[in-house]
2 protein chains.
Amino acid sequence: MENPYNVGLDRNPANFQPLTPLGFLARNAANYPDAIAIIHGNIRVNYQTFYDRSRQLASQLANLGLGRGDTVSALLANTPAMLECHYGVPMAGAVLHSVNTRLEAATIAYQLAHAQAKVLIVDREFLSVAQAALAVADVSPLVIVYHDSEWTELSSVDTDDHYQDYDEFVAQGDRAFSWLMPEDEWDAISINYTSGTTGNPKGVVCHHRGAYLLALGNVFTADMPKYSTYLWTLPMFHCNGWCFPWTLSAICGTHVCLRQVRKEPIWLALHKHKVTHLCGAPIVMDIILSAENQTLTNKVAFFTAAAPPPERTLAQMQEAGFEVTHLYGLAEVYGPAVVNEWHQEWNLLPIEEQAKLKARQGVKYLPLENLDVLDPETMSAVPADGKTLGEVMFQGNVVMKGYFKNPTATQSAFEGGWFHSGDLAVKHPDGYIQLKDRSKDIIISGGENISSIEIEDVLYKHPAVAVTAVVSCPDEKWGEVPFAFVECCEGKTVSEQELKTWCGQHMAGFKVPKHFSFTPIPRTPTGKIQKFQLREQVSARLQSEESGSPKS
Amino acid sequence: MENPYNVGLDRNPANFQPLTPLGFLARNAANYPDAIAIIHGNIRVNYQTFYDRSRQLASQLANLGLGRGDTVSALLANTPAMLECHYGVPMAGAVLHSVNTRLEAATIAYQLAHAQAKVLIVDREFLSVAQAALAVADVSPLVIVYHDSEWTELSSVDTDDHYQDYDEFVAQGDRAFSWLMPEDEWDAISINYTSGTTGNPKGVVCHHRGAYLLALGNVFTADMPKYSTYLWTLPMFHCNGWCFPWTLSAICGTHVCLRQVRKEPIWLALHKHKVTHLCGAPIVMDIILSAENQTLTNKVAFFTAAAPPPERTLAQMQEAGFEVTHLYGLAEVYGPAVVNEWHQEWNLLPIEEQAKLKARQGVKYLPLENLDVLDPETMSAVPADGKTLGEVMFQGNVVMKGYFKNPTATQSAFEGGWFHSGDLAVKHPDGYIQLKDRSKDIIISGGENISSIEIEDVLYKHPAVAVTAVVSCPDEKWGEVPFAFVECCEGKTVSEQELKTWCGQHMAGFKVPKHFSFTPIPRTPTGKIQKFQLREQVSARLQSEESGSPKS
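Here is what the cut-offs are and how they apply
- Once a new chain begins, its residue numbering starts again from 1 and follows that chain's sequence as written.
- Chains and ligands are labelled sequentially in the order written, the chains with letters from A and the ligands with numbers from 1.
- Per-residue local features are limited, in this predicted model, to residues with pLDDT of at least 70; the limit for side-chain atom pairs, both in listing and counting, is 80 or more; totals at the level of whole chains, interfaces and linings are taken over all residues.
- For side-chain calculations, the full set of non-hydrogen atoms in the structure is used, while hydrogens and water are omitted.
- For this overlay, a least-squares fit was computed on C-alpha atoms, restricted to residues scoring pLDDT of at least 70 in both copies.
- In this analysis, strands are considered paired if DSSP registers two or more bridges between them.
- The helix and strand labels rest on DSSP assignments: H or I over at least four residues marks a helix, E over at least two residues marks a strand, and numbering proceeds from the N terminus.
- Per-residue confidence from the prediction method is given by pLDDT, with values spanning 0 to 100.
- Here, a salt bridge means any side-chain nitrogen of Lys or Arg that lies within 4 Å of a carboxyl oxygen of Asp or Glu.
- Accessibility here uses a 1.4 Å probe with only protein chains present; expressed as a share of the type maximum, an area under 20% marks a residue as buried, one over 50% as exposed, and anything in between as partly exposed.
- Any pair of residues with heavy atoms lying within 4.5 Å of one another is described as a contacting pair.
- Angles here are taken between N-to-C directions and fall from 0 to 180 degrees, while the axes themselves are lines fitted to C-alpha atoms, restricted in helices to the stretch in contact.
- Any two rings among Phe, Tyr and Trp, with Trp reduced to its six-membered ring, count as a pair given centres within 6.5 Å; such a pair is stacked if its planes are under 30 degrees apart, edge-to-face if over 60, and tilted if neither.
- Two parts placed together each lose some accessible area under a 1.4 Å probe, and adding up what both lose gives the buried area.
- Here a polar contact is taken to be a pair of N or O atoms separated by no more than 3.5 Å, where protein atoms must pair a possible hydrogen donor with a possible acceptor and residues adjacent in sequence count only if both atoms sit in side chains.
- Angle categories are assigned with fixed cut-offs, so that under 35 degrees is roughly parallel, over 145 is roughly antiparallel, 65 to 115 is roughly perpendicular, and the rest are oblique.
- Should the near helix be turned anticlockwise from the far one by less than a right angle, the crossing is termed left-handed; should it be turned clockwise, right-handed.
- Residue polarity is assigned by list, with Asp, Glu, Lys and Arg as charged and Ala, Val, Leu, Ile, Met, Phe, Trp, Tyr, Cys and Pro as nonpolar; anything else, Gly included, falls into the polar class.

Caption draft 1: Up close: the relation of the copies chain B and chain A. Superposing chain B onto chain A takes a rotation of 180° plus a shift of 0.0 Å along the axis, which leaves an RMSD of 0.2 Å. Taken together, the turn and the small shift mark the pair as related by a two-fold rotation axis. The C-alpha atom lying nearest the rotation axis in chain B is that of B:Pro225; the distance is 3.5 Å.

Given below as structure tokens:
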């Protein structure tokens, strides 16, 4: 029998509209036109102006003939222009491609061409690298240059008169432009390229539905009340600033822009604007803590991701008055989709216990439907024993549409109806997951899995070790053995033998690295260690050893 | 050219799941199993148990053969059982039909039959009316009786041994039951019958998508932080308690149940459980204020709807320490979907100015896409002049699927792509809407629209008037004229002439009621005045006058 609740009760425009975060901005402009949306140096932008300018930008993009499915690239610092792009570009129906401002020209060129950029909005600071990129890119977007009055450094380019000026471009737009709702909430809102730690940057396509849901999800995770003040220590180009450009509109909050993550402007903003929330990698906490004699006058919540917050940093942040929450995610899940939900009673534990608990990645975000650690072979969940390794997988509405123009990668990422993160983890008895490694970085030695992170953790505790990375090295006897790369702290040295002894005291013998190298460790422009390059170094070294050395 | 962002980037189980509020409960059980979900008298239920019992209930309904599209009716007070029904029933795929516990047997019988109830879960207190309803209903649901240990009144029924006991029924269920996700987020989650002020109760069908979004929307409107404590002064049968049964799970909050809205248990709960949020009609505020020498020790937010909060009540509530917010909505929009967003600077105004601003219904909820006041003839927006009357219309994802088995009413409600509320309002220059009347209640006199609410407002200010209702009365000269029904305050009287003089001093002459009646005013079981009955009384009186009196 037909379900009677489905008879004659279909979707229609009165009861069904596509979900999109764009409406949050319109709502604030209507209800709170005078509320401060953006602070940038001496600039104050209220919600009416923020909305007006976003619509003007959208109307101008439409005037250029851009519309649904067209890409607008933005190579911008954390400025009002970047916030406007997060609304104005999708309001024209177009897709926002935020470019990492630390990338080298060749990678930017690759992204612009792959994303088929029609327009490139670039901050004056990054014009020279943009020009270098455009010189070799297989695409010729219209270039619009943003002159940020708060950027006072000397230009490295002599003239840019022949480019369209961003503010003039926007000013010519139509404040009353009827911006485009997505035709379907599944329409793309953004594309972000993976950082290429595995050597193969992919274009992660996100949709309006997911952006709406994760933007709201941030409010629940960060417990953000109305009118919160958010400091932009996280780059907005990074997974669209974890969707916070949209989150703030949901709560009528204030963005405090920041071009550079330095301790003076951060502390100035914390005090002057009574910042309530900010995000960043652990390095941002180090920068904050490097300032002397600074304490907070109000409660500030700090959200960190990329790596577990080290115990010492955590203790110092608490002392300075910050509440630190550990998040985890990746571009494919709109930024963070896992949160180390903190239980109040854990505050009573010794700080080293707290650090251990806080090192765990945690549990799913509110708008994520399923998070689990699965055996990728059988697709069954690993036991929640805190020991058995599996792959972190996601299922839900804050998972990307897929990889742009890459059906093979898309299909393999979604195999078995779950998004495969490539990260290896365990699940603790209380359901909290903890990362152990990237699946590519696991070392299988004599049939035993060895986590490179576990070895790195031990090495990091040695007083002479500044940076380390462990990769697998082919071995005739064991199949694979750990190979450790180490950079020493300034003014310190340590021998291979010393480190082997150190490791032997802190881990099972089969896990101790068999080889060490004290050469510089290659990183991506965002600072991520490029293990694939280390593996190539290992291969090259092995070949050279096999063929006898010295070569030639 | 095809949009490249739609190529090979389709929905799949990894990136698309139906939205439903049911997952919020599962998430809390996983992350916060020991957190207190429900307080009811001396009973404490943690999230693990709440989730377990909801799954047990679902499994038992499934064991009875119930599934997608089947209706489970609940005639329950604000108890743990009612909260369990909000999860357990849809977890079986079924649709929850919450019945107003103040209804008379005939109306309950009508609803049970129309909704095709398969199961009726009834509180012991309402068993006798349920039995009376079942005696005349065209349907024979399985009856399950809930014996609430907190209900200590004497039973009006001798025996109920032959009915299934609710707690036994649940206890036999399976804690590990794999509850059903909706097949589609458009699937029905609940049906609620309109109260019949217009004489024609309709079954409002709501879906999982809307319940998810309004449940989250409440958090934004009420600015509810994690772990908030919510007191159930609002009946859960009323639009599913405005979706708050689901909202609390989104923030891992605590429900404080309340069988009866009396001042003693309310103040006990406010103090003992440090309640942070509660909702109710203005009458609930009067009950709260009727307690002597009570003040709050923590901030409490009160959300009121159904009628604007009167100035005196508002002042007293502020004095007692409550923050009062005015909401507006109707069953067709899941409860409240409009909020009188309060601007901080308004707190500096005199209390009578504040009351005037607070009397306005306000602006749309965050998850509502569009709210406007339209001319129903032309479907164009009225000017935002605070004067021009139009009909309040809604467009968005928190609008019902439609009316159950009533395609005519559904079609007319959604005419022109907007949901027609039937409420008449003006739009102020700042975009806030203010109700003036139900469209059926407007009086057109000499071509001029007269708002019955405006006249009632004036009459309410007269010290002798306790309750009043104004309806239109056919008139040979003017077409229609206002007819006022008045109930006097206890121990007071007032003459027709006095009230006419009073009105004449406070409104234009053409608006002064031509006729008065001092007879009791009929109300629905929820206390809503039944104007259609008053109109019938007016017609009957006119006919009797035309045919000469006394009759027969």
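What follows continues from the structure just given.
Caption draft 2: Highlighting the sheet that holds strand β6 (residues 142-146) of chain A. Residue and element names in this part refer to chain A. Judged by pairing direction, the sheet is mixed, and its eight strands sit side by side in the order β7-β6-β5-β3-β4-β8-β9-β20 without closing on themselves. Edge positions in the sheet fall to β7 (164-165) and β20 (402-403), since each of these pairs with one other strand and no more. Strand direction decides the pairing type here: β6 and β7, joined by two bridges, are parallel. Across the sheet, the residue bridging to Ile144 is Gln164, located in β7.

Caption draft 3: Just the confidence of the model for chain A, in detail. The predicted model of chain A averages 92 in pLDDT, with 96% of residues at 70 or higher. With pTM at 0.88, the complex prediction returns an ipTM value of 0.87.

Caption draft 4: Quick peek at the pattern of salt bridges. If you walk through the whole model with that rule in mind, you get 41 salt bridges over all chains. Notably, a salt bridge pairs A:Lys118 with A:Asp70, separated by 2.6 Å at the nearest N-O pair. Of this pair, A:Lys118 sits in strand β5 (residues 117-123) while A:Asp70 is found in the loop between α2 (47-63) and β3 (71-75), placing the two residues 48 residues apart along the sequence. Among the ionic pairs, B:Arg53 bridges to B:Asp167, the shortest N-O distance being 2.8 Å. One end of the pair, B:Arg53, is in helix α2 (residues 47-63); the other, B:Asp167, is in helix α6 (residues 166-171), with 114 residues separating them in the sequence. Given the relative accessible area of 31%, B:Asp167 is considered partly exposed. Among the charged side chains, a salt-bridge network with shared partners connects A:Asp123, A:Glu125, A:Asp148 and A:Arg259.

Caption draft 5: Here's a closer look at the sheet that holds strand β15 (residues 335-339) of chain B. All names here are of chain B. Pairing is mixed across the open sheet formed by nine strands, whose spatial order is β2-β1-β11-β10-β12-β13-β14-β15-β16. Only two strands of the sheet have a single partner each, and these edge strands are β2 (43-46) and β16 (363-364). As paired strands, strand β1 (residues 36-40) and β2 are joined by four bridges and run antiparallel to one another. Pairing of His40 across the sheet is with Ile43, part of β2. The sheet contacts of α2 involve β1, β2 and β11 (254-256), and relative to β2 the element is tilted by about 80°. Contacts between helix α11 (residues 282-289) and the sheet are confined to β12 (277-280), β13 (300-304) and β14 (322-330), with β13 contributing the most and set at about 140° to the helix.

Caption draft 6: Region of interest: the packing of aromatic side chains. What the rule picks out here adds up to 35 aromatic pairs over all chains. Ring centres of B:Tyr32 and B:Tyr227 lie 6.0 Å apart, and the angle between their planes is 80°; this geometry places the pair in the edge-to-face category. Placement of B:Tyr32 in the loop between α1 (22-31) and β1 and of B:Tyr227 in the loop between α7 (208-222) and β10 (229-231) is noted, with a sequence separation of 195 residues between them. In this structure B:Tyr227 comes out as partly exposed when scored by relative accessible area, which is 35%. Here the aromatic residues A:Tyr328, A:Phe394, A:Phe414 and A:Phe419 are joined through ring pairs into a cluster of three or more.

Caption draft 7: Expanded view of the interface of chain B and chain A. In this assembly, 74 residues from chain B lie in contact with 74 residues from chain A. Buried surface at the junction of chain B and chain A, both sides included, amounts to about 6000 Å², of which 55% is carbon and sulfur. If you sort the residues of chain B by the area they bury against chain A, B:Tyr5, B:Arg27 and B:Phe220 come out on top, with a joint share of 14%. Between the two partners, chain B and chain A, sit eight salt bridges. In this structure, the salt-bridge partner of A:Arg11 is B:Asp184, at a minimum N-O distance of 3.0 Å. The interface formed by chain B and chain A contains 38 residue pairs in polar contact (both at pLDDT 80 or more). Those elements giving two or more residues to the side of chain B that touches chain A turn out to be α1, β8 (188-193), β9 (203-207), α7, β16, β18 (390-395) and β19 (402-403) of chain B.

Caption draft 8: Expanded view of the environment of B:Cys85. All names here are of chain B. Topologically, Cys85 is positioned in helix α3 (residues 80-91). Taking the C-alpha atoms as reference, Cys85 lies 11 Å from Phe50; in sequence the two are 35 residues apart. Every residue in contact with Cys85, bar those within four places of it in the chain, is listed here: Leu57, Ala74, Leu76, Pro90, Leu96 and Ile121.

Caption draft 9: Inspection of helix α4 (residues 105-114) of chain B at higher detail. Residue and element names in this part refer to chain B. Of all ten residues in α4, seven are buried; the element is thus mostly enclosed. Here α4 has its buried residues at Ala105, Thr107, Ile108, Ala109, Gln111, Leu112 and His114. In this structure, the buried side of α4 is in contact with β3 (71-75), β4 (95-98), β5 (117-123), α5 (127-136) and β8. At the C-terminal side of α4, Gln116 shows a positive phi close to 55°.

Caption draft 10: Geometry of the pairing of strand β20 (residues 419-427) of chain B. Residue and element names in this part refer to chain B. With nine of nine residues buried, β20 is to be regarded as a mostly interior element. Examined bridge by bridge, β18 and β20 share four bridges and lie antiparallel to one another. Pairing of Met393 across the sheet is with His420, part of β20. In this sheet, strand β21 (residues 433-438) lies alongside β20 in antiparallel orientation, the contact comprising five bridges. Among the inter-strand pairings, Lys427 is bridged to a residue of β21, identified as Ile433. The loop that links β20 with its antiparallel partner β21 comprises five residues; one of these, Gly431, has a positive phi angle of about 90°.

Caption draft 11: Up close: the packing of helix α4 (residues 105-114) of chain A against helix α5 (residues 127-136) of chain A. Residues and elements named next belong to chain A. Across the interface, α4 lies against α5 with an axial gap of 8 Å and an inter-helix angle of 60°. On the basis of the axis angle, α4 is oblique to α5. As α4 packs across α5, the resulting crossing turns out to be right-handed. Two secondary-structure elements touch here, α4 through Ala105, Ile108, Ala109 and Leu112 and α5 through Val129, Ala132, Ala133, Leu134 and Val136. Within the contact of α4 with α5, the residues separate by chemical class into nine nonpolar, no polar and no charged.

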